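Topology and contacts: notes
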Amino acid sequence: MVRALVATMVKLGRGQIGLSEFREILEAKDCSNADFSSPPHGLCLERVWFP
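Within each chain, residue numbers correspond to sequence positions counted from 1 in written order. Owing to the predicted nature of the model, reporting of local features is limited to residues with pLDDT of at least 70; listing and counting of side-chain atom pairs is limited to 80 or more, with chain, interface and lining totals taken over all residues. Only heavy atoms go into the side-chain values, all of them from the structure, while hydrogens and water stay out.

Regarding its fold elements, the protein chain presents 2 helices and 0 strands. Exposure categories follow from relative accessible area, calculated using a 1.4 Å probe and restricted to protein chains: below 20% of the type maximum is buried, above 50% is exposed, and the middle band is partly exposed. Counting the 51 residues in the protein chain, one finds 16% classified as buried. Contacts were defined at the residue level, with two residues in contact if any of their heavy atoms lie within 4.5 Å. By sequence separation, contacts in the protein chain at least 24 residues apart represent 62% of the contacts at least 6 residues apart. As displayed, the protein chain has an accessible area near 4,300 Å², and 57% of this comes from carbon and sulfur atoms. By the counting scheme adopted, Arg and Lys are positive, Glu and Asp are negative, and His together with the chain ends is not counted. Here the site of a charge means atom NZ of a Lys, CZ of an Arg, CG of an Asp or CD of a Glu. Charged side chains of the protein chain number 6 positive and 6 negative; the gap between the two group centres comes to 6 Å. Helix numbers and strand numbers start at the N terminus; a helix is a DSSP run of H or I with at least 4 residues, a strand a run of E with at least 2. Note that accessible areas follow from Shrake-Rupley with a 1.4 Å probe, and for residues the cover is restricted to the protein chains shown.

Here's what the structure looks like:
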């Protein structure tokens, strides 16, 4: 999941997809819509903050 989020956010930051398309990917809750091109090494979730 981290790889999908990172790769999809990179595409957003580079202008390859728009904010509305990014929102649609997240709201679809279907990981096949995301991009998994991030390498698996070096990506880890260190902390989650809840209000």
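Each pair of packed helices can be summarised by the angle the axes make with each other and by the distance between the axes. What counts as an axis is a line fitted to C-alpha atoms, over the stretch in contact for a helix, and the angles between N-to-C directions run from 0 to 180 degrees. For the pair helix H1 (residues 2-13) and helix H2 (residues 19-28), the least separation of the axes is 10 Å and the interaxial angle reads 165 degrees. Here H1 is positioned roughly antiparallel relative to H2, judged by the angle of their axes. As for the relative orientation of H1 and H2, their crossing is right-handed in sense. Note on element contacts: H2 touches H1 through Leu19, Phe22, Ile25 and Leu26, opposite Leu5, Thr8, Met9 and Leu12. Throughout, the term roughly parallel applies to angles under 35 degrees, roughly antiparallel to angles over 145, roughly perpendicular to angles from 65 to 115, and oblique to all others. Each crossing gets its hand from how the near helix is turned against the far one by less than a right angle, where anticlockwise is left-handed and clockwise is right-handed.

Most often, soluble globular proteins have nonpolar side chains that are buried together. One finds Ala4, Ile17, Phe22, Ile25 and Ala34 forming the largest nonpolar core, which totals 5 residues. The residues contacting Ile25, other than those within four sequence positions of it, are Thr8, Ile17, Asn33 and Ala34. Here the nonpolar core consists of buried residues drawn from Ala, Val, Leu, Ile, Met, Phe, Trp, Tyr and Cys, with membership extended through side-chain atoms lying within 4.5 Å.

So, about H1. Multiplying 1.5 Å by the residue count of a helix minus one yields the expected span of that helix. End to end, H1 covers 16 Å across 12 residues, agreeing with the expected 16 Å (1.5 Å per residue, within 8%). Looking at the buried side of H1, the elements it contacts are H2. A positive phi of about 80 degrees marks Gly15, the residue just after H1.

If you check the backbone angles, Lys29 has positive phi at about 55 degrees while not being a glycine. Mapping Lys29 onto the fold places it in the segment after H2.

Residue placement: Ser32 occurs in the segment after H2. When the C-alpha positions of Ser32 and Gly15 are compared, they lie 20 Å apart, and in sequence the two are 17 residues distant.

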